[in-house]
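# Tertiary structure, described
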Amino acid sequence: MSDEDGGGVAGLAGDPAWRLTLLTGGRWSVAERAFQHDGHSWVVGLTPVQSAVALIVWRDDEVMAHARGDEAAICAAARGWVSRILGRSEITESI
């Protein structure tokens, strides 16, 4: 999946629930979605790292998961985490 079909950070940028921080020149440095659910504060965050993208999921002040991979796969994993947290699906894949 490419950015053009919504698989990367460009796809997340089209969703108002995601906040992107852009650098001069239009490159992104952080993409994150922060929300409250079941009495917890959640943050699902992405950042570019060398030739990969890093994903970190926080619940309150605890890191629940982290992974690195290609942009499309990590963006899909981030969407999966949000869906699982909010109870929107029964996604069973892990990162």
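See above for the structure.
What comes next concerns the included structure. (Residues numbered from 1 in each chain as written. Predicted model: local features only at pLDDT ≥ 70, side-chain atom pairs only at ≥ 80, totals over all residues. Heavy atoms only, no water.)

## Topic: the overall build of the protein
The number of helices and strands found in the protein is 2 helices and 5 strands. Along the protein, helices (α) and strands (β) appear in the sequence α-β-β-β-β-β-α when read from the amino end. Relative to its full complement of 95 residues, the protein shows a buried share of 34%. The long-range fraction of contacts in the protein, counting pairs at least 24 apart against all pairs at least 6 apart in sequence, stands at 30%. Of the accessible surface of the protein, which amounts to about 5,800 Å², a share of 50% is contributed by carbon and sulfur atoms. (Helix = DSSP H or I, 4+ residues; strand = E, 2+ residues; numbered from the N terminus. Buried < 20%, exposed > 50% of the residue type's maximum accessible area, 1.4 Å probe, protein only. Contact = heavy atoms within 4.5 Å. Areas by Shrake-Rupley, 256 points an atom, 1.4 Å probe, with all protein chains shown as cover.)

## Some points on the environment of Ala-73
Its place among the elements puts Ala-73 in helix α2 (residues 71-86). For the pair Ala-73 and Gly-8, spaced 65 residues apart in sequence, the C-alpha separation works out to 7.9 Å.

## A word on the nonpolar core
In this structure, Trp-18, Val-44, Leu-46, Leu-55, Val-57 and Ile-85 are the most contacted members of the largest nonpolar core, which totals 21 residues. At the level of elements, α1 (9-13), β2 (28-37), β3 (40-49), β4 (52-59), β5 (62-69) and α2 are the ones that each hand at least two residues to this core. Sorting elements by how many residues they give to this core places α2 first, with 7 residues. Not counting the four nearest positions on each side in its chain, Leu-46 is found in contact with Leu-12, Trp-18, Trp-28, Ser-29, Val-30, Ala-31, Val-53, Ala-54, Leu-55, Ile-74, Cys-75 and Ala-78. (Core = buried A, V, L, I, M, F, W, Y, C linked by side-chain atoms within 4.5 Å.)

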